[in-house]
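Understanding the architecture of this molecule
Here is how the chains run, residue by residue.
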Amino acid sequence: MTTVESELNIRRGYASSEGSTNEKIDPTTVEEEVFRDEKPDISRPFPRDPNEMIETHQLTIRYAVLSSTLSLVGASNIYLGLKTGFTFGPQAIFGFAIIKPLSKALPESGIIGRLFGGPFGPKENCTVQSAATASGGIGILFVSAVPALYRLNLLSHLPSADIGKLIAITACASFFGVFFVIPLRKYYIVKQKLTFPTPAATAVTIHALHNSRNGAAVARKKSLALLLAFVVAFCFKVVSGYAPGVLFDWHIGWTLYRLGFTSIISLDNYGWWIEFTPAFFGAGMLSGLNASWSFLGGSILAWGIIAPSIVKNGLAVGVAASKSFPLISYNSLSFDHPSDFTTAPSPRYWLLWPGILMMLLYSFVDLAMNSGFIITHLRKLKTSDFNPRGWFGRSQAGEGTDDEDEDETPREDRVPTLWWTLGLAASTIMCCAILATMFHMNVGEAILSLILGFFFSFVGVQSAGTTDINPVTAVAKASQLVFGGIAKGQHLAQSPAQTVNLTAGIIAAGSAAQSTDMTGDLKTGYLLRAKPRNQFVAQLCGAVVAMFLNVGLFILFTTASECILYLPPDGTCSYQAPSISAWVAVAVAVTSPKLPIPSSSGYTAIGMGIFVVISVVVKHLWIPKKYWVCIPNWNAVGLAFVAPQIPFSIAMAIGSVFNYVWMKRNPAGFDMYMFAVAAGMLAGEGLGGVLQALLSIAKVDGSRFGTAIGCPGFEFCG
C-alpha cells in the first residue's frame, strides 16, 4: 500500500550524478553513491553497457534454490500482514547478497561449480526476483480472506484439516493471475509505457549493483548492512519473546498505575504503549512521512479521541480483561446476542465501519481522479491498439512480422502466445472444477469470480503503473458486494452465502493482486533486457512454491496463535489481523437480513466518507503536486480505525522521521544503506516471528519459560 521512497531516492541519485566512463575507480575509495550515469529513460530498456557481462543462462539451478529460499522472506509478509495489514515484497538485494558471493566462492568447473557457481548478472537477478515475488506475493490471501472463512466457522476448526482445500484455492488464484499477465505486459508496459515507480526503481537498483565500475564495492557495503540489520532484528525478536514487558513492549500506563497514578490505566486500556519493533520502524523508513504519520494521525483520531468519546457517551462498551485490576478490553468483535452488534458494540467494531468506508472510497475516488492518466494514454493510442488480437497475437513470440512493433525484446525471447493461452484455458477449467467440488460454487459463479479478477487486475495495474499504489485488496471487496447480491437473489442461507462470498473474493482479489505484482516484475525485466520467457517460467515456478509455502506458514502461525482465527471474548490477540476483520465484516453485512451496523457508526462513516471524497477531489484538481505530501493518506487513516495497533503507528512515525533526518543530514549514506537496513529489519523480525511460532508449537516459548514482568495484570504479553 506504500511507495518505497528509498528506492526512488536511489533513482534520483542515479539520475542526478555525472561521471566519465573512462575514469579509473579504486574499489576501496568508491564514494557512497549508487553509480554515475545520465538520467535513465524508464519508458524503454536501459542502454546496453559495453562492459556488461554476457549472461548465457538466466534460468539456473541456483536461481531455483535461491528463489525458494527467498520465498521464506515472504514469511515476514504474513507476519506483518497478520499484525497490521502491511506487506512488503521480497527485494532484489537479497538475491544479490546471497548469490554474488556464492558465484565468486565456488569454482566454475565441476558439478557444484556448474550448478551453483559462475558469473551472476542483472538478468538472472531479475529472474530470482520474479520467482520470489510470485511465491511470496500471494501470501496476502492468508492475512485477509482465507482466515475470514475460519472466523465465520465456514471450514474445519483448524487449517491443518483443510490442507487440500487451501492448496487448491491458492493454486486457482496464483496460476490464473500469472497466465493472463502476458497481454497486460504488452498493453501497459510496451504500448502505454506506464512508469511503475517501484519496479523501475528496482531495475535501477539491480543495474547499479551489477555495474562493472563500482557495483562490487557498493554491493558489498549494502550486503553487509542488510546482514547486520537482519541478524540484530532476528535475535532481538526471539530473545525479547521471553521478556516482552521489559524488552519489547513498554506499558507506560500500567507502570504508572502501579506507581499510584490510577486513572492513567486508561492509556493502556485504549492501546497506547510503546513497542520496540524493528519491522515497523523499518516499515516507516520505507513508507515515508506521509503514510506513516497518516497512520499515526488515524490512531490518534480513532483511539485517542473517538473511542473514549463513544464509550463515555454509552455508544460503545468494553469488556473486563482482569478480575484483579481495572483492565478493560475495547477490541471485542464477537457478541453474545446479535442485537449487541448495534446496541452494545465495542469501540473496535464501531470504528470498523468508518475505517472500511474510508479505505474503499479513497481507493475508488483516487483511481477515478487518476483516470486522467488513462485518458491521456488512450488518446495516444491508435485504432489498431484496441484490437485484442494485437495484444494476444502474433507479436508476442515472433510468429509473423509487425513493422510497428514497439517491443524491443527479441521475438525469440518473448512468451509464445500458445503458452499463456493454453495455460489460461487450463487454469480456468481447473478453477471451475475446484470451486464447484470443494466450495459449492456453480460454474457461472466461478467464471464470474475469474472475470472480476481479470477486471480488477486492469484497475490494479493501471493504478500501480501510474501512482505506485496497488488498490486491489480494497477494490476487490466490490466482489463481496456483487456476490452478496447474487446470494440474496438465490435466497441462500447465511452460511452458504458467506462461503460463496469469501471464496469468490479470494479468487478475484488473489488473481488480481498476483497479476499486478507480476506486471511490475515484467517492467523490471523489460528495463534490464531480461527475457520475458524466462521470467514467465520463473513466475510459474514461484506459483508452485506459493501453493505449499504459504499454506504451511499459515498453518504454522495459526497453530501457534489460534486467536488469529478465533478471537477470545475480549478481542485480545498478539495478531490483530485488521484485514481479516474487514473481510468478515463485509461478508456478514452483505449476507445479513439487516445491516449489523450501529446507526451512530454508520452516520459517522458516511460523514467521513464524504470528507475523504472531497479531499481527494480537491487534492487532484486544485492542490499542486509538491504539496500532496501534506494531504493525509486516507487509506492509512482508515487502516488505523480498523487495526487497533497504536504501537505500530508510533514505531512507523518514528522510523519515517529518522529516515527523513538521515536523508537530509547524510544523503550519500542514506542512498547507500537505507534500503538495505530497512529490508533487513523487516525480514529479521518476520523470520524471528516464524521461529517464535515454532518455539510455541514445541512448547519452549516465552509463555512457558519467560517472565511477565512489565505486562499488564502480570499476565504474559508476548
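In this text, all values refer to a predicted model and were calculated from it rather than measured experimentally.

The secondary structure content of the protein amounts to 31 helices and four strands. Residues counted as buried form 58% of the 718 residues belonging to the protein. Intrachain contacts of the protein at a sequence separation of at least 6 include 82% that bridge at least 24 residues.

Ranked by internal contacts, the top residues of the largest apolar core, which has 126 residues, are Leu82, Val146, Tyr150, Phe280, Ile356, Leu502 and Phe557. The leading source of residues in this core is helix α24 (residues 494–528), at twelve residues. Judged by nonpolar contacts, the second largest core, of 21 residues, contains Tyr270, Tyr362, Met608 and Val637.

Of note, Asn153 is a non-glycine position whose phi angle comes to about 60°, a positive value. On the secondary structure map, Asn153 appears in the loop between α7 (145–151) and α8 (163–179). With phi around 55°, Phe714 is a residue other than glycine that occupies positive phi space. Along the chain, Phe714 turns up in the segment after α31 (702–705).

Okay, the packing of aromatic side chains next. Evaluation of the coordinates by the stated rule reveals 24 aromatic pairs. Ring centres of Phe658 and Trp662 lie 5.9 Å apart, and the angle between their planes is 50°; this geometry places the pair in the tilted category. Taken together, the residues span about one helical turn, with Phe658 and Trp662 both in helix α29 (residues 646–665) at a distance of four residues. By relative accessible area, which is 17% here, Trp662 ends up buried. Taken together, the ring pairs connect Phe175, Phe179, Trp419 and Phe536 into an aromatic cluster. In this structure, Lys165 packs its charged tip against the face of Phe439, placed 5.9 Å from the ring centre.

Another point: the pattern of salt bridges. By the definition in use, this model includes three salt bridges. Of the charged contacts, one joins Glu408 and Arg529 as a salt bridge, the two residues approaching to 4.0 Å between their closest N and O atoms. In this pair, Glu408 sits in the loop between α19 (388–392) and α20 (417–438) while Arg529 sits in the loop between α24 and α25 (532–560), placing the two residues 121 residues apart along the sequence. Exposure remark for Arg529: the relative accessible area of 23% places this residue in the partly exposed category. Arg704 is the partner of Asp701 in a salt bridge, and the nearest nitrogen-oxygen pair spans 2.8 Å. Residue classification places Asp701 among the buried positions, given a relative accessible area of 12%. One connected set of salt bridges, linked through shared partners, spans Arg44, Glu408 and Arg529.

A contiguous nonpolar surface patch, about 400 Å² in accessible area, is contributed by Trp250, Ile252, Leu267, Ile274 and Phe276. On the secondary structure map, Ile252 appears in helix α13 (residues 252–258).

Examined against the element boundaries, Ser600 turns out to sit in helix α27 (residues 599–622). Between the alpha carbons of Ser600 and Trp350 there is a distance of 8.4 Å; along the sequence they are 250 residues apart. Residues in contact with Ser600, not counting those within four places in the same chain, are Leu315 and Trp350.

Looking at the secondary structure, you find Thr277 in the loop between β2 (274–275) and α15 (278–312). Of the residues examined, Thr277 reaches a relative accessible area of 3% and is grouped as buried. Apart from residues lying up to four places away in sequence, Thr277 is in contact with Phe248, Phe648, Ala651 and Glu685.

When pLDDT is averaged along the protein, the result is 80; 81% of the residues meet or exceed 70. In this model residues 1–38 is a low-confidence stretch, pLDDT under 50, and it forms 90 contacts with partners more than four residues away in sequence or in other chains. Between residues 391–403, whose pLDDT stays under 50, and residues either more than four places distant or in other chains, the model counts 37 contacts.

All right, on to α8 then. With 17 residues, α8 should cover 24 Å at 1.5 Å per step; its first-to-last C-alpha distance of 24 Å lies within 8% of that length. Of all 17 residues that make up α8, 13 are buried, and the element is covered over most of its length.

Below, the discussion takes up the environment of Gln129. Looking at the element boundaries, Gln129 is found in helix α6 (residues 122–137). In sequence terms Gln129 and Phe96 are 33 residues apart; their C-alpha atoms lie 9.8 Å from each other.

Along the chain, Thr604 falls in helix α27. Exposure remark for Thr604: the relative accessible area of 24% places this residue in the partly exposed category. For the pair formed by Thr604 and Pro354, sequence separation is 250 residues and the distance between their alpha carbons is 6.4 Å. Leave out the neighbours within four places in its chain, and Thr604 touches Trp350 and Pro354.

Before going further, it helps to examine α15. Between its first and last C-alpha, α15 extends only 35 Å over 35 residues, short of the 51 Å set by a 1.5 Å rise per residue. Along α15, the helix axis deviates most sharply at Gly288, where the bend reaches about 125°. Gly314 sits one or two positions beyond α15 and adopts a positive phi of about 75°.

We now examine the packing of helix α17 (residues 347–369) against helix α28 (residues 634–642). Where α17 contacts α28, the two axes come as close as 7 Å, and the packing angle between them is 160°. Viewed along their axes, α17 and α28 adopt a mutual orientation that is roughly antiparallel. Where α17 crosses over α28, the handedness of that crossing is left-handed. Mapping the contact onto sequence places Arg348, Leu351, Leu352, Pro354, Gly355, Ile356, Met358, Met359, Tyr362 and Ser363 in α17 and Trp634, Asn635, Val637, Gly638, Leu639, Phe641 and Val642 in α28. When its residues are assigned to classes, the contact of α17 with α28 shows twelve nonpolar, four polar and one charged.

The rules we used
- Residues numbered from 1 in each chain as written.
- Predicted model: local features only at pLDDT ≥ 70, side-chain atom pairs only at ≥ 80, totals over all residues.
- Heavy atoms only, no water.
- Helix = DSSP H or I, 4+ residues; strand = E, 2+ residues; numbered from the N terminus.
- Buried < 20%, exposed > 50% of the residue type's maximum accessible area, 1.4 Å probe, protein only.
- Contact = heavy atoms within 4.5 Å.
- Core = buried A, V, L, I, M, F, W, Y, C linked by side-chain atoms within 4.5 Å.
- Phe/Tyr/Trp six-rings, centres within 6.5 Å; stacked < 30°, edge-to-face > 60°.
- Lys NZ or Arg CZ within 6 Å of the ring centre and 35° of its normal.
- Salt bridge = Lys/Arg side-chain N within 4 Å of Asp/Glu carboxyl O.
- Patch = residues over 30% accessible without salt bridge, like charges linked within 9 Å, V, L, I, M, F, W, Y side chains within 5 Å.
- Areas by Shrake-Rupley, 256 points an atom, 1.4 Å probe, with all protein chains shown as cover.
- pLDDT = per-residue confidence, 0-100.
- Expected span 1.5 Å × (residues − 1).
- Bend = angle between axes of the 7 residues up to and from the residue.
- Axes fitted to C-alpha atoms, helices over the stretch in contact; angles between N-to-C directions.
- Parallel < 35°, antiparallel > 145°, perpendicular 65-115°, else oblique.
- Left-handed = near helix turned anticlockwise from the far one by under 90°.
- Nonpolar A, V, L, I, M, F, W, Y, C, P; charged D, E, K, R; others polar.

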